[in-house]
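Results of the structural survey
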Amino acid sequence: QVQLQESGPGLVKPSQTLSLTCTVSGGSISSGFYYWTWIRQPAGKGLEWIGRIYTSGSTNCNPSLKSRVTISVDTSKNQFSLNLTSVTAADTAVYYCARDNEYHFDYWGQGTVVTVSS
Amino acid sequence: QSALTQPRSVSGSPGQSVTISCTGTSRDVGGFKYVSWYQQHPGKAPKLIIYDVSKRPSGVPDRFSGSKSGNSASLTISGLQAEDEADYYCCSYAGSYTEVFGGGTKLTVL
């Protein structure tokens, strides 16, 4: 059973960089033809797809966030990561990592709350 | 890339059926077979309940069904149960290897 777990700071100052890591267990991140994805949800609002990465390093990102988003993968640690630069209060949200199995998300992490505040 | 359009809320009584719509464009819902639906209970991560428009993952009751016509997709829940009360989100492939969610629908079981 694949499991995903997000980790990272819960508080980030405005204009700084939000950095999160997702650790995958129960299987190798390199096995199968899966993309590994970041999704976020502001409090009381809907889900927003941020972007995804394949283990080759190939990435795709939401056009509205593309200039600020970097997604990377470390197959040796079975992890993938999100960096979001120049954050503002609008980036405050629950951030989820998930497995993208041909354009649907079949496994999700529990989510981690990130607050942008000084 | 605009969010897909869902009704903010729907409701139904136990045993009844409800349908949640998800409207997009020919560049997302209408153009591909990759529509999925997620159920989210308060404070929990979303759970996949429908993928590829109408397929159900193992363990999801057959009370949940999906369909698509033109630029709109639908999720139907039959035989409503109290535990179905949750938020529901649709998601579609939107071309250029990107994906887009709907705004979400709150289902109330009366």
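Definitions and cut-offs
The residue count restarts for each chain, going from 1 along the sequence in the order it is written. Written order determines the labels here, with chains lettered from A and ligands numbered from 1. Local features in a predicted model are, by the rule used here, given only for residues with pLDDT of at least 70; side-chain atom pairs are given and counted only at 80 or more, and totals for whole chains, interfaces and linings are based on all residues. Water and hydrogen atoms were dropped before computing side-chain values, which therefore reflect all heavy atoms in the structure. The nonpolar core is taken to be a set of buried Ala, Val, Leu, Ile, Met, Phe, Trp, Tyr and Cys residues, with the residues joined through side-chain atoms within 4.5 Å. Relative accessible area decides the class of each residue, using a 1.4 Å probe on protein chains only: under 20% of the type maximum gives buried, over 50% gives exposed, and in between gives partly exposed. Secondary structure counts use DSSP, requiring at least four H or I residues in a row for a helix and at least two E residues in a row for a strand, with both numbered from the N terminus. Residue contacts are counted whenever heavy atoms from the two residues lie within 4.5 Å of one another. Accessible-area loss on putting two parts together, using a 1.4 Å probe and summing over both, is the definition of buried area adopted here. Definition used for salt bridges: Asp or Glu carboxyl oxygen within 4 Å of a side-chain nitrogen of Lys or Arg. Counting of polar contacts relies on pairs of N or O atoms within 3.5 Å, with two restrictions inside protein: one atom must be capable of donating a hydrogen and the other of accepting it, and residues adjacent in sequence are counted only when both atoms are side-chain atoms. The nonpolar class holds Ala, Val, Leu, Ile, Met, Phe, Trp, Tyr, Cys and Pro. Asp, Glu, Lys and Arg form the charged class, and all remaining residues, Gly among them, are polar. Each Phe, Tyr or Trp ring (for Trp, its six-membered ring) is paired with any other whose centre lies within 6.5 Å, and the angle between the two planes then decides the class: stacked below 30 degrees, edge-to-face above 60, tilted in between. Our definition puts a charge over a ring when NZ of Lys or CZ of Arg is within 6 Å of the ring centre and also within 35 degrees of the ring normal. DSSP bridges decide pairing: two strands pair if at least two such bridges lie between them.

A:Leu4, A:Leu18, A:Trp38, A:Val69, A:Phe80, A:Leu82 and A:Tyr95 are the most contacted members of the largest nonpolar core, which totals 25 residues. Breaking this core down by element, the ones donating at least two residues are strand 3 (18-25), strand 4 (35-41), strand 5 (48-53), strand 7 (69-74), strand 8 (79-84), strand 9 (93-100) and strand 11 (112-116) of chain A. Sorting elements by how many residues they give to this core places strand 3 of chain A first, with 4 residues. B:Leu4, B:Leu80, B:Cys90 and B:Ala94 belong to the second-largest nonpolar core, a separate cluster that totals 24 residues.

What follows covers the interface of chain A and chain B. Contact residues are listed per partner, giving 22 residues for chain A and 20 residues for chain B. Across the interface of chain A and chain B, roughly 1,700 Å² is buried in total on both sides, 60% from carbon and sulfur atoms. Connecting chain A to chain B are 1 salt bridge. Of the charged contacts, one joins B:Glu99 and A:Arg52 as a salt bridge, the two residues approaching to 3.9 Å between their closest N and O atoms. Across the chain A-chain B interface, the total number found is 7 residue pairs in polar contact (both at pLDDT 80 or more). Sorting the residues of the side of chain A that touches chain B by element identifies strand 4, strand 5, strand 6 (59-61), strand 9 and strand 10 (105-108) of chain A as the ones contributing at least two each. The residue makeup of the side of chain A that touches chain B, split by class, is 9 nonpolar, 7 polar and 6 charged.

If charged atoms from side chains of opposite charge come close, those side chains can pair. Throughout the structure, instances matching the rule amount to 8 salt bridges over all chains. A salt bridge links B:Arg63 to B:Asp84; the nearest nitrogen and oxygen atoms lie 2.7 Å apart. One end of the pair, B:Arg63, is in the loop between strand 4 (47-50) and strand 5 (64-69); the other, B:Asp84, is in the loop between strand 6 (72-77) and strand 7 (86-93), with 21 residues separating them in the sequence. Look at B:Arg63 and you get buried, because its relative accessible area is 15%. What emerges from the salt-bridge pattern is a single network uniting A:Arg40, A:Glu48, A:Arg68 and A:Asp91.

Turning our eyes to something else, we now look at the packing of aromatic side chains. Two measures describe an aromatic ring pair: the distance that separates the ring centres and the angle between the ring planes. Within the structure shown, the criterion is met by 14 aromatic pairs over all chains. Between A:Tyr103 and B:Tyr34 the ring centres are 4.8 Å apart and the planes differ by 55°, which places this aromatic pair in the tilted class. Separated into two different chains, A:Tyr103 in the loop between strand 9 and strand 10 and B:Tyr34 in the loop between strand 2 (18-23) and strand 3 (35-40) make up a pair that spans both. Across this residue pair, the class does not change: A:Tyr103 and B:Tyr34 are buried. Taking the ring centre of A:Tyr35 as reference, the NZ or CZ of A:Arg52 above it sits at 3.6 Å. Seen from the ring of A:Tyr34, A:Arg99 lies directly overhead, with NZ or CZ sitting 3.6 Å from the centre.

This part takes up the pairing of strand 3 of chain A. Residue and element names in this part refer to chain A. Here strand 3 shows a clear split, with Leu-18, Leu-20, Cys-22 and Val-24 buried on one side and none of Ser-19, Thr-21, Thr-23 and Ser-25 buried on the other. Sheet topology places strand 1 (residues 3-7) next to strand 3; 5 bridges connect them, and they run antiparallel. By the bridge assignment for strand 3, Gln-5 is matched with Thr-23.

Read these as layout, nothing more, since geometry by itself doesn't imply function.
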